[in-house]
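These are the residues of each chain, in order.
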Amino acid sequence: MNFQKVALSAGLYFIGVPIGTARDITLRALDVLASADVLAAEDTRSLRRLMDIHGVPLAGRPLVALHDHSGAGVTERLIRAIEEGRSVAYASEAGMPLIADPGFELSRAVGQAGHMLTCAPGPSAILTALVLAGLPTDAFHFAGFLPNAKAARRSALETLRDVPGTLVFYESPKRLAAMLEDAQATLGATRSAAVCRELTKKFEEIRRGTLRELAEAYAGNAPKGEVVVLIDRNRSETISEDNLRGDLEGALEGMSMRDAVDMVSKAHKLPRRQVYQLALELSKG
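Criteria and cut-off values
Residues numbered from 1 in each chain as written. Predicted model: local features only at pLDDT ≥ 70, side-chain atom pairs only at ≥ 80, totals over all residues. Heavy atoms only, no water. Phe/Tyr/Trp six-rings, centres within 6.5 Å; stacked < 30°, edge-to-face > 60°. Helix = DSSP H or I, 4+ residues; strand = E, 2+ residues; numbered from the N terminus. Buried < 20%, exposed > 50% of the residue type's maximum accessible area, 1.4 Å probe, protein only. Pairing = 2+ DSSP bridges. Axes fitted to C-alpha atoms, helices over the stretch in contact; angles between N-to-C directions. Contact = heavy atoms within 4.5 Å.

A. A look at the packing of aromatic side chains. Per the counting criterion, the structure on display carries three aromatic pairs. For the ring pair Phe14 and Tyr90, a centre distance of 6.1 Å and an interplane angle of 85 degrees mean the geometry is edge-to-face. In this pair, Phe14 is assigned in strand E1 (residues 11–15) and Tyr90 in strand E4 (residues 87–91), connecting sequence segments 76 residues apart. Per residue, the accessibility class of Phe14 equals that of Tyr90, and both read buried. Ring centres of Phe142 and Tyr170 lie 5.0 Å apart, and the angle between their planes is 65 degrees; on these two criteria the pair is classed as edge-to-face.

B. Expanded view of the sheet that holds strand E9 (residues 205–210). With mixed pairing, five strands are arranged side by side in an open sheet as E6-E7-E10-E8-E9. Strands with a single pairing partner mark the edges of an open sheet, and in this sheet they are strand E6 (140–145) and E9. Pairs of neighbouring strands in the sheet enclose a mean axial angle of 15 degrees, with direction left out of account. As paired strands, strand E8 (residues 192–197) and E9 are joined by six bridges and run antiparallel to one another. Paired with Ser192 across the bridge in E9 is Thr210. Helix-sheet contacts for helix H8 (residues 211–218) involve E8, E9 and strand E10 (227–231), and the interaxial angle to E9 is about 125 degrees.

Below, the structure written as structure tokens:
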């Protein structure tokens, strides 16, 4: 047994758990799981499996499900436990709580009530992907999951076009090809990017290339497993004719000429008339 039972003060203890490989858990996280009076989890079954792997007994302690559909009653129950002098540990299904995972409402409620809250940090798919992607890490922007609908997704990407740092997204493998296609049309086909899949797991894979190359690689080829997409910051102060033509061709494949011209002219900060003339040439060719 690697854990120790320790005395925990009343309060909330967030726990970072592995994103794949069970042995990535920290010793402190195991100590908290073994010692807390009340356990809460986004997925109680996955937490029980993790505890079983590491030999941490439940020992009759309450195990409460807290996820996006739990309702306010569960949060109130956990706050009452803290007010009664008990320690409460909360774990997401994988990775760090609150990072594209539940826990925010619980964190805010406990803080507003003036109770102690802390975190036993652990693995994060965001940081792991940044280390492996080969893109700059001096500044980054985590945008979570993009909208499902094409128009909304392209609009969200457009707002991120000039963020001065590496863009990081979580994405469903089923939507990956569409997301990359929209990203190249909106952000520019020549931007460097990386697709990180199944991080820390047996079939971990990192694919690097331009957005155009990655969009072509995944077109009609949905991968399996958890996916993180990273896109380099905008580095082009001026746009070449070839890049402009490529971005416009990509936009015209899924949009009307008017919408494609509007989007590309805004993306490259060019006069609409200039982009419209190129669109007319492409339509004739």
